[in-house]
Amino acid sequence: MSQMTEPVPMKLMGNPKQATRSAAEHSLEECFRDEESPLLRYAYALVRRREVAEELVQEAFMRAHQHWGQMEQPRAWLYRAVRNLALNYLRKHRRESIGDEEAGESNDERPDRCTDKLETAAKLRALMSEMSESDQELIRLKYEEELSYAGIAEKLEIGVGNVGYRLHHILKSLGEGLKRVGVEGTE
């Protein structure tokens, strides 16, 4: 495990000759053999979870395979891909806390937290079912399709400012509704 925490910048330097080899001069198998371990250390340094780091590196190599003939610098491309995948992962999982991971159990795995979340989700669905269809669509576009305000505005043919205004009031209303039905910690 101590290998996984090596400082990444030293590993990024690598062999300068290797870093400039194009995909045409370097097979995917050679690249995988040379770069898998350093990429795993790099991914682990970013996400601090071994299984996630392995998945990110695997995904980066899968994507590299699809674009192999177009790459000028496969090594740089792979590091950039792993970094981008890790950042996407961290954005989606930002609510997980490191303290819980170190204890071997995340908040999501504790039965009492899981039950509370299920009850809250059921109450939230009930409140959302009372909303207008246009408000439900706005929530769906933002949180299920993960569209930006600009993307939502384009799709609904309304102004970006209107998207922010409506979302603010919808979420405020949902928060107040959750408080009314006894859900704590909603602002």
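Reading guide: rules and limits
- The residue numbers shown here count from 1 along each chain, following its written sequence.
- The predicted origin of the model limits local features to residues at a pLDDT of at least 70 and limits the giving and counting of side-chain atom pairs to 80 or more, whereas totals for whole chains, interfaces and linings rest on all residues.
- Excluding hydrogens and water, the side-chain figures rest on all heavy atoms present in the structure.
- Secondary structure follows DSSP: runs of H or I at least 4 residues long count as helices, runs of E at least 2 residues long count as strands, and numbering of each begins at the N terminus.
- Using a 1.4 Å probe on the protein chains alone, a residue whose accessible area is under 20% of its type maximum counts as buried, one over 50% counts as exposed, and one in between counts as partly exposed.
- Here, residues are in contact when the closest pair of their heavy atoms is within 4.5 Å.
- Within this scheme, the nonpolar core is defined by two criteria: the residues are buried Ala, Val, Leu, Ile, Met, Phe, Trp, Tyr or Cys, and they are joined through side-chain atoms within 4.5 Å.
- Under this definition, polar contacts are N or O atom pairs within 3.5 Å; protein pairs additionally need one hydrogen-donor-capable and one acceptor-capable atom, and for neighbouring residues in sequence, both atoms have to be side-chain atoms.
- A helix is expected to span 1.5 Å for every residue after the first.
- To obtain the bend at a residue, axes are fitted to the seven residues ending there and to the seven starting there, and the angle between these axes is taken.
- Here the axes come from fitting lines to C-alpha atoms, over the contacting stretch only for helices, and the angles between their N-to-C directions go from 0 to 180 degrees.
- Roughly parallel refers to an angle under 35 degrees, roughly antiparallel to one over 145, roughly perpendicular to one between 65 and 115, and oblique to any angle outside these ranges.
- Here a crossing is called left-handed whenever its near helix is offset anticlockwise from the far helix by less than a right angle, and right-handed whenever the offset is clockwise.
- Basically, the charged four are Asp, Glu, Lys and Arg, the nonpolar ten are Ala, Val, Leu, Ile, Met, Phe, Trp, Tyr, Cys and Pro, and anything else, Gly included, counts as polar.

### So, the overall build of the protein
A count of helices and strands for the protein gives 10 helices and 0 strands. Along the chain direction, N to C, the helices and strands of the protein fall in the order α-α-α-α-α-α-α-α-α-α. Counting over 187 residues, the protein shows a buried share of 29%. Restricting to contacts in the protein with at least 6 residues of sequence separation, those with at least 24 account for 61%.

### Observations regarding the nonpolar core
In terms of nonpolar packing, the biggest core is built from 24 residues, with Leu39, Val47, Leu56, Val57, Phe61, Leu78 and Val82 touching the most fellow members. Secondary structure elements with two or more residues in this core: helix H3 (28-47), helix H4 (50-67) and helix H5 (74-92). Of all hydrophobic cores here, the second largest spans 13 residues; its members include Ile152, Val163, Ile170 and Val183.

### A closer look at the side chain of Glu35
Looking at where Glu35 falls in the secondary structure, it is placed in helix H3. Among the residues examined, Glu35 registers a relative accessible area of 2% and is labelled buried. A polar contact is formed between the side chain of Glu35 and the side chain of Arg75, at a distance of 3.1 Å.

### With respect to H3
Relative to the 28 Å expected for 20 residues at 1.5 Å per residue, H3 spans just 25 Å between its end C-alpha atoms, considerably shorter than the ideal helical length. Where H3 bends most, at Glu35, the angle is about 50°, and the proline Pro38 comes one to four residues later. Every buried residue belonging to H3 is among Leu28, Cys31, Glu35, Pro38, Leu39, Leu40, Arg41, Tyr42, Ala43, Tyr44 and Val47, and all of these are buried.

### Quick word on the packing of H3 against H4
Contact pair H3 / H4: the axes reach a minimum separation of 8 Å and the direction vectors enclose 140°. On the basis of their axis angle, the class for H3 and H4 is oblique. Crossing of H3 over H4 shows right-handed handedness. For the pair formed by H3 and H4, the contact residues are Leu28, Cys31, Phe32, Glu35, Glu36, Leu39, Leu40, Ala43, Tyr44 and Val47 on the first element and Arg50, Val52, Ala53, Glu54, Leu56, Val57, Phe61 and His65 on the second. Split into classes, the residues belonging to the contact of H3 with H4 amount to 13 nonpolar, 1 polar and 4 charged.

### Observations regarding unusual backbone geometry
With a phi close to 60°, Arg48 is a non-glycine residue in the positive phi region. Within the element layout of this structure, Arg48 appears in the loop between H3 and H4. By relative accessible area, which is 44% here, Arg48 ends up partly exposed. You will see that Glu146, though not glycine, has its phi angle at about 55°, which is positive. By the secondary structure assignment, Glu146 is in the loop between helix H8 (133-143) and helix H9 (149-156).

Any functional reading would require information beyond the geometric quantities listed.
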